[in-house]
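# Structure assessment
One-letter residues, chain by chain:
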Amino acid sequence: MGAAPSTPDTAEHLVGTFVGDDPVPLSSDFWQKLLELPFDAELPSQRLHQACQLLVKNNRNTRHLAKILFHLACYLQESMSTSGGPPLVYEKAVNAVYITSVFLKHLIESTQDGDVKLYLSLHDSESIPINILGDQTIENLVMRNVLKFIATVDVSPDTYFLHLELLNFMIFAMSTQLLCGPSRGLNDVNPFLDAAMAQDGHLVSSVVCKLLLNYITRPRVPFNRASYSIFYDGNQNSVLKRVGSAAANIVLLPFSYLISSSSDASRSPIADSSLHVLLVLIHYHKCLVSEGYSVMENQVSTTSDSLPKENTYFSDNPYCRALEHATDLDCADIEGNAHSDQHVKLPFALLFDTLGMCLADETAVLLLYSLLQGNSNFLEYVLVRTDLDTLLLPILEALYDARRRTANQIYMLLIILLILSQDSSFNAGIHKLDVYLHTTCLATLANMAPHVHHLSAYASQRLVSLFHMLSRKYKKLADLRDNKLNIAETNSIERSSLVEDMSAELHIYTDFLRLVLEIINAILTYALPRNPEVVYAIMHKQEVFQPFKNHPQFNEHVENIYTVLDFFNSRMDAQRMDGDWSVNEVFQVIIVNCRSWRVDGMKIFTQLHFTYEQESHPEEFFIPYVWQLVLSRCGFKFDAGAIKLFPAYLPTEKIDNGVVGNTLQNADSLSR
């Protein structure tokens, strides 16, 4: 790495040997010296950057990445076999994980055109300890030991930093997904993710359980562990602190993060990293070709865009399945399931409370969505809670402050409400909900409408005002379309184009208007006596419904509204009061006559019931979304030029709403 001589045990010599072109045998004691390189070893950042570039060049020949990963796996095995032993064992393992992460990350983000070549296999001439590796691949061995340590070793002051760095190592190892396009393809190379998916079911369940328990218990940084001087002495010369921008700012645990953690009870690096790892794991799906279909014979490339959809499928995800089958730790297995010992058992009460506390964070919203959408046990648990406001209040607060939220977060929150609103008991317990101009939100309101009672004056007025606003927009679009069609009457091509362009937007507002009318009708048909404020609101603005009395698409719903208006207007006329009516006087007439109201004469429509359904390929939305969240929160940056999973110009600090809007169209659908 330079002309200046160096002694065999210096950081520069050890790193230089590691990245050089001369292969070092797997059995050499060099690996122990390298992996136990102390945190405060000096190596200028420019030299380290040069070292990373040399490893990219020489790794194919030396297979040093595979060898350092093998020895890392051995260190972790030693750490697990000496559980409860001296802290030095864990500190050596932390050094090993840390130095391995530096070079693994650089190799991954240095990949050209998404062609991931990490050369994880050893040469045939290499002497390999069969009793350790067996018939496993290197990536399978290291991922097994990483996952096993995370799952089986308790987080303690001695093991805290090793747990944290292993979680961050997982993020680095799985970041090969960033090099793939948003659509899954057969050529996508994710060796560490595939190795994680290949682990046995018991380990998978244990990992999912431990990651969620880390999120629930939120282990604090052990500031009494003074032996980790790297975090406290301000030394700027260590190998890992000097990486800086030269190696994509790999600072796995920023000092500023530790300082802020001491004053914020809810902040926990391990909790955050555990959730990031879990979200990546549960949303991964490998693209495979259907049995009997030959890519070669059909002369197509192996990207999912060029392969017919019916000839590809996505592999099962054991982590997603484990999450979906998780059960409440406090509930006995009354069914006596023979496989229940492999099921994830969680304290649902603590998980519920933790989510309620953390829903201001977008990753918590995605976890709640994943649980409600996939796990019927947790959904049932949530619905029978008597303190649903623990979740609902932060959700409504986020929706109310929508301008400060990303479009993805708002969308996830609305879908969560829609999922909950599919249950009648949930609807019966909800009194009001802010109205948002969004199909999903309207569908949620439609599910709730027959169960509404004592809707407030403000909410009732806003519901009628929403109809008024949509009707004005609808009329404006209809008039604009008619005017343009008259102008373009002599040009058939232009006329056809205008009809297509204008009809699409007009159709959207037609659906919105019909939904709002159906919501109002459901309240008037099934819940009028309990909602005098709704009656007052439509009486106060009854003129807004007049233009639609004879409209072929709305007249039946509007006719029901006028049946209600005629009933209450006639009762007011019967009072024959002189002078103007006060608001209170009108309202008292409504309350009195609500008791005698009968639904006879109303046209009864089938009750609306919207359900949420994921599209057949939800991973095309969720995988880019998860990685955007992870990169915006994990404390390190990834070379934007290497990212193919989402547009590289996006800053990782903030998710672009435009991308979200385009992606959400394929995320899921509503059915009624």
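The model shown is predicted, which means the values in this text are computed figures rather than measured ones.

Each value, and the rule that gives it
- Residues numbered from 1 in each chain as written.
- Predicted model: local features only at pLDDT ≥ 70, side-chain atom pairs only at ≥ 80, totals over all residues.
- Heavy atoms only, no water.
- Axes fitted to C-alpha atoms, helices over the stretch in contact; angles between N-to-C directions.
- Helix = DSSP H or I, 4+ residues; strand = E, 2+ residues; numbered from the N terminus.
- Parallel < 35°, antiparallel > 145°, perpendicular 65-115°, else oblique.
- Contact = heavy atoms within 4.5 Å.
- Nonpolar A, V, L, I, M, F, W, Y, C, P; charged D, E, K, R; others polar.
- pLDDT = per-residue confidence, 0-100.
- Expected span 1.5 Å × (residues − 1).
- Buried < 20%, exposed > 50% of the residue type's maximum accessible area, 1.4 Å probe, protein only.
- Phe/Tyr/Trp six-rings, centres within 6.5 Å; stacked < 30°, edge-to-face > 60°.
- Salt bridge = Lys/Arg side-chain N within 4 Å of Asp/Glu carboxyl O.
- Core = buried A, V, L, I, M, F, W, Y, C linked by side-chain atoms within 4.5 Å.

### Quick notes on the packing of helix H3 (residues 45–62) against helix H4 (residues 64–81)
- The N-to-C vectors of H3 and H4 enclose an angle of 80 degrees; their axes lie 7 Å apart at closest approach. The orientation of H3 relative to H4 falls into the category roughly perpendicular. The segment H3 lies against H4, with Leu55, Asn59 and Thr62 engaging His64, Leu65 and Lys67.
- A class-by-class count of the residues in the contact of H3 with H4 yields 2 nonpolar, 3 polar and 1 charged.

### What about the confidence of the model for the protein chain?
- Taken over all residues, the pLDDT of the protein chain has a mean of 78, while the share at 70 or more is 76%.
- The secondary structure element of the protein chain with the lowest average pLDDT is helix H28 (residues 657–664), at 31, and the one with the highest is helix H10 (residues 201–217), at 96.
- Segment residues 334–339: pLDDT under 50, and 1 contact once partners within four positions in sequence are set aside and those in other chains are kept.
- Of the regions scoring below 50 in pLDDT, residues 650–672 engages in 55 contacts with residues more than four places distant in sequence or in other chains.

### Some details on unusual backbone geometry
- Within the chain, arginine 218 stands out as a residue other than glycine whose phi angle is a positive 50 degrees.
- Checked against the element boundaries, arginine 218 lands in the loop between H10 and helix H11 (255–261).
- The residue histidine 454 is not glycine, and still its phi comes out positive at about 55 degrees.

### A word on helix H27 (residues 619–633)
- Relative to the 21 Å expected for 15 residues at 1.5 Å per residue, H27 spans 21 Å between its end C-alpha atoms, a close match to the ideal helical length.
- Burial runs high along H27: 12 of the 15 residues are buried.
- Inspection of H27 places Glu619, Phe621, Phe622, Ile623, Pro624, Tyr625, Val626, Trp627, Gln628, Leu629, Val630 and Leu631 among the buried residues, and these make up the whole buried set.

### Quick word on the environment of leucine 329
- As for its position among the elements, leucine 329 is in the loop between strand E3 (327–328) and strand E4 (345–346).
- Distance from leucine 329 to lysine 345, taken between C-alpha atoms, is 4.8 Å for residues 16 residues apart in sequence.

### Comments concerning the packing of aromatic side chains
- For the coordinates displayed, the defined rule picks out 18 aromatic pairs.
- Where phenylalanine 348 meets tyrosine 381, the ring centres are 5.6 Å apart and the plane angle is 65 degrees; that geometry is what we call edge-to-face. One end of the pair, phenylalanine 348, is in helix H15 (residues 348–358); the other, tyrosine 381, is in helix H17 (residues 376–384), with 33 residues separating them in the sequence.
- On the basis of relative accessible area, phenylalanine 348 is assigned to the buried category, the value being 2%.
- Residue tyrosine 381 is classed as buried on the basis of its relative accessible area, which comes to 17%.
- Both rings, one in phenylalanine 467 and one in phenylalanine 548, keep their centres 5.5 Å apart while their planes meet at 70 degrees; by these two values the pair is edge-to-face. Highlighted residues: phenylalanine 467 in helix H22 (residues 457–487) and phenylalanine 548 in the loop between helix H24 (532–540) and helix H25 (555–575), separated in sequence by 81 residues. Across the pair, exposure class does not vary: phenylalanine 467 and phenylalanine 548 are buried alike.

### Observations concerning helix H12 (residues 269–282)
- With 14 residues, H12 should cover 20 Å at 1.5 Å per step; its first-to-last C-alpha distance of 20 Å lies within 8% of that length.
- Taken across its 14 residues, H12 has 13 buried, putting it largely inside the fold.

### Some thoughts on the pattern of salt bridges
- The tally for this structure, following the rule as stated, stands at 11 salt bridges.
- Lysine 286 is paired through a salt bridge with aspartate 194; the nearest N and O atoms lie 3.2 Å apart. Placement of lysine 286 in the loop between H12 and strand E1 (287–289) and of aspartate 194 in helix H9 (residues 191–197) is noted, with a sequence separation of 92 residues between them.
- The residue lysine 603 makes a salt bridge to glutamate 556 at a minimum N-O spacing of 3.9 Å. With lysine 603 in the loop between helix H26 (583–594) and strand E5 (611–614) and glutamate 556 in helix H25, this residue pair connects regions lying 47 residues apart in the sequence.
- Relative accessible area serves as the criterion here: at 40%, lysine 603 is assigned to the partly exposed category.

### Let's talk about the nonpolar core
- Membership of the largest hydrophobic core comes to 208 residues, with the highest contact counts inside it found for Phe103, Leu281, Tyr319, Phe545 and Trp627.
- Leave out the neighbours within four places in its chain, and phenylalanine 545 touches Val464, Phe467, Leu517, Ile520, Ile538, Val558, Ile561 and Tyr562.

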